Amino acid sequence: MSSSTVRLTVAQALVRFLSVQYTERDGVRHRLIAGTWGIFGHGNVAGVGQALLEAGEEAMPYHQGRNEQSMVHAAVGHARQLNRLSAQAVTTSIGPGATNLVTGAALATINRLPVLLLPGDYFASHAPDPLLQQLEHPVEADVSVNDTLRPVSRYFDRITRPEALIPSALHAMRVLADPAETGAVTLALPQDVQAEAYDWPEEFLAERVWPVRRPAPDPAELAAAVQAIRSARRPLLVAGGGVHHSEAEDALRAFVEATGVPVASTQAGKGSLRFDHPADLGGIGHTGTSASDDLARTADLVIGVGTRYTDFTTASGTLFQNPDVRFLNLNITGFDAHKLSARTLVCDARSGLTLLTEALAGHRVDAAYEAEYRAGRERWDAVVEAAYRAGDDTAVPTQTQVLGALDAVVGDDDVVINAAGSLPGDLHKLWRARSPRQYHLEYGYSCMGYEIPAAIGVQQAAPGTPVWALVGDGTYLMMPTEIVTAVQEGLPVNVVLLQNHGYASIGGLSAETGGERFGTAYRYRAADGSFTGAPLPVDLAANAASLGMEVLRAKTVGELREALAAARASDRPTCVYVETDTTRATSPGAEAWWDVPVAEVAGREAAVEARERYDRQVTARRHHL
């Protein structure tokens, strides 16, 4: 070995390389790969597993998971809490361990959140083919199950020779650290190559810092944007997740307070303004507030900041109805900035908002417009209060009352996590976000099972922060396994488990679209074969207790409030279990449409009526060109 090289296995070199990678933004440095989750099998136990053992916890902390998908969710929760400046890696064996990564990878990439995936792979030498769990393709010998990760990865490579790791690892770090490119990154590692030795240049293993830039807008684009805002009579700003990722909340508040432009938020952008700011109108779109959606229908300029404009935000293209409406999109990616035929500001959210505020000095929306939207938000505040307080303390709580009880308990820095079911709609409409990190909704992929592992990732990223995973019974049954990890690591996450005996959200959607709630209830079969019998005798609280959690059962609103307070004060993982009252409708209805196609021809009356409603709604769709 020469003085300029170090002899290591491929896996040892990769772990050492990852341990000295950093991001830096605004002069603050973070470890790019803060730790590695892993479940070991024959595809990685003697490679990456041995390398992690040899490196030690200080160089590369190791986290033991129970399910490969949930390990990715935990890593994504960690990255989001730290504004994408720090990520985690996930190592698996070949076969099902590797394919279990696909759902988590899709979630990460769709939400533009960094995670490094290190699945084991077949032998590069093909010496023992076919080996256990290997997919044999009859005409493409270089295909493995890891190729399922290609479409959901922002960067993918299979390391079939030791020296190939050097450029590939550098490309992987570049993508992870780039806010315009980031998502899931996959380095597939053939198990024989992992264990192969090579003389590595010391330069490759040296500390490296990846700058996270704040690109400013093009001056011509900025001038055009300023003119568009000055000309608008009814501007509305839509805050997306990019506001949080860029830590642009203060810049947004300064822009709003200088110009009077009101703010509506996507699921990812909620909390960009504190809930009680006079210009904060709450959520927008299908699950939005009346204050936001009423204004969106008449807005003549929509300023999108860090948003992807999903169908929930645009109400499937039916929300922005002003014939003269135009769009101005500020986004770090040109791909998103150009949506809806918008004027573009391709730049960092904080940089762009700061320069807009400076260039708009002296400009402010009309006082009558401010009075109008402030009155709208006051009316919605009354709706929230009614939903939270419906009934008395002796009543079985509805879902919105559960949120009201939690609202009364949390502090400004608590983090509330959810992803799927009927809760995202209620949270988007009703939750009073007190701080930028409090509202943690994964709604890009809306993946059942995300909440509990993500809570672990957030707790790792922000020790001492109270973290709440809100889950219904359907979501809980998808992926409760990481409760064991929380118990093992002593992470005091709180799980609020709502028992409503089925898929409540899809049940409601099914009823609205003519599906008659088919296949959505957790009940015994009736005599006619339908799932309309008695509720199943499933005790999910006992299940959580069997996995090591402290469990607090609450039957009434009063008991629930006490249980939530006790959970927040606890220093161990705690589950608050409550069976909700689904007979009382206390959640506000949808303020805007969502396009879910309905059967054009059907013999059942419910589907025929649903199609008639659909045909009326779809006529409101606009293509903004």
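Structure shown above.
Quick look at the structure, then.

What the protein contains, in helices and strands, is 24 helices and 23 strands. Against the 2.2 N^0.38 benchmark of 25 Å for 625 residues, the protein shows a C-alpha radius of gyration of 25 Å, consistent with a compact globule. Across its three principal directions, the C-alpha atoms of the protein cover 75 × 70 × 55 Å. Counting every position in the protein, which comprises 625 residues, the buried fraction comes to 57%. Summarising the internal contacts of the protein: among those between residues at least 6 apart in sequence, 76% fall at separations of at least 24. When the accessible surface of the protein is split by element, carbon and sulfur atoms take 53% of a total near 24300 Å².

Its location among the elements puts S168 in helix α6 (residues 165–177). Between the C-alpha atoms of S168 and R158, which are 10 residues apart in sequence, the distance is 8.8 Å. When residues no more than four places from it in sequence are discounted, the contact partners of S168 are Y155, D157, I159 and L187. Engagement of the side chain of S168 in a polar contact is seen with the side chain of Y155, the distance being 3.4 Å.

All right, on to the sheet that holds strand β21 (residues 494–499) then. Remark on secondary structure: sheet strands pair via backbone hydrogen bonds, oriented parallel or antiparallel. If you trace the six strands from one edge of the open sheet to the other, you get β19-β18-β20-β21-β23-β22, paired in parallel fashion. Two strands bound the open sheet, and with one partner strand each, they are β19 (439–441) and β22 (550–554). Adjacent strand axes in the sheet meet at a mean angle of 20°, parallel and antiparallel pairs treated alike. Relative to β19, strand β18 (residues 415–418) runs parallel, the two being bridged by three bridges. Residue N418 lies in a different strand from β19, and its bridge partner there is L441. Against the sheet, helix α17 (residues 423–430) touches β18, β19, β20 (467–472) and β21, its axis set at about 150° to β19. This element, helix α23 (residues 557–569), spans β20, β21, β22 and β23 (574–579) of the sheet and lies at about 160° to β22.

The step from D129 to P130 runs through a cis peptide bond, and the omega angle for that step is -10°. On the secondary structure map, P130 appears in the loop between β7 (115–121) and β8 (155–158). The phi angle at E247 is positive, at roughly 55°, despite the residue not being glycine. Within the element layout of this structure, E247 appears in the loop between α9 (241–245) and α10 (249–259). Classification of E247 by relative accessible area gives partly exposed; the value is 28%. Phi is positive for S446, close to 45°, though the residue is something other than glycine.

What follows is about the sheet that holds strand β11 (residues 208–211). Pairing is mixed across the open sheet formed by three strands, whose spatial order is β3-β2-β11. The strands lining the two open edges of the sheet, one partner per strand, are β3 (28–31) and β11. Each adjacent strand pair in this sheet contributes to an overall mean axis angle of 30°, direction not counted. Docked against the sheet, helix α1 (residues 10–19) engages β2 (21–25), β3 and β11, running at close to 20° with respect to β2. The strands touched by α6 are β2 and β11; relative to β11, the strand with the most contacts, the crossing angle is about 40°.

Once that is clear, we can look at the packing of aromatic side chains. This model, assessed by the stated rule, comprises 11 aromatic pairs. When the centroid spacing of 5.4 Å and the interplanar angle of 85° are considered together, the rings of F320 and F327 count as edge-to-face. Judged by its relative accessible area of 2%, F320 is buried. According to the relative accessible area criterion, F327 is buried, its value standing at 3%. Ring pairing ties together the aromatic residues F17, Y198, W200 and F204, which thus form one cluster. Its guanidinium or amino end placed over the ring of Y22, R29 lies 5.7 Å from that ring's centre, counting from NZ or CZ. A cation over an aromatic ring shows up here: K270 above the ring of Y439, its NZ or CZ 5.5 Å from the ring centre.

The next thing to look at is the pattern of salt bridges. The final tally for this structure, using the stated rule, is 35 salt bridges. R584 is the salt-bridge partner of D581, the closest N and O atoms lying 3.2 Å from each other. For R584, a relative accessible area of 28% puts it in the partly exposed group. A cluster of three or more residues bridged by salt bridges with shared partners is formed by E385, R389, D407, R432 and R434.

Rules and cut-offs
- Residues numbered from 1 in each chain as written.
- Predicted model: local features only at pLDDT ≥ 70, side-chain atom pairs only at ≥ 80, totals over all residues.
- Heavy atoms only, no water.
- Helix = DSSP H or I, 4+ residues; strand = E, 2+ residues; numbered from the N terminus.
- Rg over C-alpha atoms; globule rule 2.2 N^0.38 Å.
- Buried < 20%, exposed > 50% of the residue type's maximum accessible area, 1.4 Å probe, protein only.
- Contact = heavy atoms within 4.5 Å.
- Areas by Shrake-Rupley, 256 points an atom, 1.4 Å probe, with all protein chains shown as cover.
- Polar contact = N/O pair within 3.5 Å; in protein donor to acceptor, adjacent residues only side chain to side chain.
- Pairing = 2+ DSSP bridges.
- Axes fitted to C-alpha atoms, helices over the stretch in contact; angles between N-to-C directions.
- Phe/Tyr/Trp six-rings, centres within 6.5 Å; stacked < 30°, edge-to-face > 60°.
- Lys NZ or Arg CZ within 6 Å of the ring centre and 35° of its normal.
- Salt bridge = Lys/Arg side-chain N within 4 Å of Asp/Glu carboxyl O.

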